[in-house]
Amino acid sequence: MEERCSVNSPRRILSFSKTRAANVSFSDADHRSQPELGVSGEHGPKLSEVYGFVGSITTVVFTVIFIVWAYVPDHWLHSIGIYYYPSRYWALAVPTYVMVTIVLAITFYIGMNFMATPPPTSLNIMFDEFSREFVSNVPLVDDDEQPIEPISDIGINRINKIMFDNFK
């Protein structure tokens, strides 16, 4: 008997079989009514590509407008018919406010992480719910082969002895 497996998704149903290739069927009415065109089913650009393109063009346009507003003299703007625009004070104030806000956000984030970290004298730094104590009930074997010790954490006293015993 043939073993069938199907994967359901909101847009299409994929059926896999050991004897033949994958079968794709659409469950939407709009996909069934369209004639087969012999293409892979992907038409046009992806939505993320469109958003990226529009976002990059918008960024370039607003950057050019900002630079023209910030650096072109007033009489040049008046000569092309632009009379109403914000004060030049904002050409320096807005980027400064944005940079100060970013620096304060990073400082706040680092400060919150320091507040959430336990102090160096806390035992929570060395032990948690996943800590394993060393168990020495492994039977010894008489021949040359030694059994592998079970997984456990190394105690702080053993680490201190290994690292700092040479300094005495």
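Just so it is clear, the structure is predicted and the values come from calculations on it, not from any experiment.

Procedures and definitions
- Residues numbered from 1 in each chain as written.
- Predicted model: local features only at pLDDT ≥ 70, side-chain atom pairs only at ≥ 80, totals over all residues.
- Heavy atoms only, no water.
- UniProt positions renumbered as here; feature names shortened; annotations may be inferred.
- Helix = DSSP H or I, 4+ residues; strand = E, 2+ residues; numbered from the N terminus.
- Salt bridge = Lys/Arg side-chain N within 4 Å of Asp/Glu carboxyl O.
- Buried < 20%, exposed > 50% of the residue type's maximum accessible area, 1.4 Å probe, protein only.
- Patch = residues over 30% accessible without salt bridge, like charges linked within 9 Å, V, L, I, M, F, W, Y side chains within 5 Å.
- Areas by Shrake-Rupley, 256 points an atom, 1.4 Å probe, with all protein chains shown as cover.
- Lys, Arg positive; Asp, Glu negative; His and termini not counted.
- Charge placed at Lys NZ, Arg CZ, Asp CG, Glu CD.

## Considerations on the UniProt feature "transmembrane region" (unreviewed entry) in the protein
Under the UniProt annotation, "transmembrane region" (unreviewed entry) lies at residues 50-72 and 92-116. Helix makes up 96% of residues 50-72 and strand makes up 0%, while its end C-alpha atoms are separated by 33 Å. Within residues 92-116, the helical portion is 100% and the strand portion 0%, while the C-alpha atoms at the span's ends are 36 Å from each other.

## Here's the deal with the pattern of salt bridges
Applying the stated rule across the entire model yields one salt bridge. A salt bridge links Asp 74 to Arg 88; its shortest N-O distance comes to 3.0 Å. Residue Asp 74 is located in helix 3 (residues 74-79), and its partner Arg 88 is located in the loop between helix 3 and helix 4 (89-116); the two are separated by 14 residues in the primary sequence. Classification of Arg 88 by relative accessible area gives partly exposed; the value is 27%.

## Some words on a negative patch on the surface
Together, Asp 128, Glu 129, Glu 133 and Asp 153 line one region of the surface with negative charge. Secondary-structure assignment places Asp 128 in the loop between helix 4 and helix 5 (156-164).

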